[in-house]
Amino acid sequence: QVQLVESGGGLVQAGGSLRLSCAASGRTFSRYAMGWFRQAPGKEREFVAGISWSGGSTVYVGSVKGRFTISRDNAKNTVNLQMNSLKTEDTAVYYCAAASAIMVTKETSCDYWGQGTQVTVSS
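Below is a summary of the structure that appears in this document. Here the structure is a predicted model, which is why all the values come from computation and not from measurement.

Details of the overall build of the chain
Working step 1: On a plain count of helices and strands, the chain comes out with 0 helices and 11 strands.
Working step 2: When the helices and strands of the chain are placed in sequence order, the string is β-β-β-β-β-β-β-β-β-β-β.
Working step 3: Computed over the C-alpha atoms, the radius of gyration of the chain is 13 Å, within 12% of the 14 Å expected from 2.2 N^0.38 for a compact globule of 123 residues.
Working step 4: Principal axes of the C-alpha set define a box for the chain whose edges measure 40 × 25 × 25 Å.
Working step 5: When each of the 123 residues of the chain is scored for burial, the buried share is 44%.
Working step 6: Looking at the chain alone, contacts between residues at least 24 apart form 59% of all its contacts between residues at least 6 apart.
Working step 7: For the chain, the computed accessible surface area is about 6,100 Å², with 48% contributed by carbon and sulfur atoms.
Working step 8: Mean positive and mean negative side-chain charge positions of the chain (12 and 8 charges, respectively) differ by 6 Å.

Examining the sheet that holds strand S3 (residues 18-26)
Working step 1: Pairing in this open sheet of 4 strands is antiparallel, and the strands run S1-S3-S8-S7 from one edge to the other. Only two strands of the sheet have a single partner each, and these edge strands are strand S1 (2-7) and strand S7 (68-73). Ignoring which end each strand starts from, the neighbouring axes of this sheet average 15 degrees apart.
Working step 2: Examined bridge by bridge, S3 and strand S8 (residues 78-83) share 6 bridges and lie antiparallel to one another. Bridged to Leu20 within S8 is Leu81.

Some points on the state of the cysteines
Working step 1: Per the stated rule, a full pass over the model turns up 1 disulfide.
Working step 2: Covalent S-S linkage joins Cys22 and Cys96, the inter-sulfur distance amounting to 2.2 Å. Taking the torsion about the sulfur-sulfur bond, which here is approximately -80 degrees, the covalent link between Cys22 and Cys96 counts as left-handed. Of the two residues, Cys22 sits in strand S3 while Cys96 sits in strand S9 (residues 92-99), which places them 74 residues apart along the sequence.
Working step 3: Overall, the relative accessible area of 1% leaves Cys22 in the buried class.
Working step 4: Looking at Cys96, the relative accessible area reads 0%, which means it is buried.
Working step 5: Summary of cysteine pairing: Cys110 is not part of a disulfide, and the nearest cysteine sulfur, belonging to Cys96, is at 9.1 Å.

About the thresholds
Residues numbered from 1 in each chain as written. Predicted model: local features only at pLDDT ≥ 70, side-chain atom pairs only at ≥ 80, totals over all residues. Heavy atoms only, no water. Helix = DSSP H or I, 4+ residues; strand = E, 2+ residues; numbered from the N terminus. Rg over C-alpha atoms; globule rule 2.2 N^0.38 Å. Buried < 20%, exposed > 50% of the residue type's maximum accessible area, 1.4 Å probe, protein only. Contact = heavy atoms within 4.5 Å. Areas by Shrake-Rupley, 256 points an atom, 1.4 Å probe, with all protein chains shown as cover. Lys, Arg positive; Asp, Glu negative; His and termini not counted. Charge placed at Lys NZ, Arg CZ, Asp CG, Glu CD. Pairing = 2+ DSSP bridges. Axes fitted to C-alpha atoms, helices over the stretch in contact; angles between N-to-C directions. Disulfide = S-S within 2.5 Å.

This is the structure in structure tokens:
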């Protein structure tokens, strides 16, 4: 069992930055690929970014490439999402997820989820 707790969400103006963190407890964190997903009002949850268990590989959805950076610290059992140049369309609840896989890109591959943290970007 892995417990995930997100933090760092909030309200920010367009063009600003936020850093989301996800703290993991339970089974060995370094054995899991980690990902961030988001769900905007009235929309389905979508993949945002993924990172391999070692941190050596990362994947991003096209709309955030060059603006968001995912990273992990296996010694601290944390995964972070640095979000820069935020846009109003980035407004969503952001979820952290863990998968017993090489990489996370799909919801269906995820075994554990956090409760989500709200990110609101104002114009």
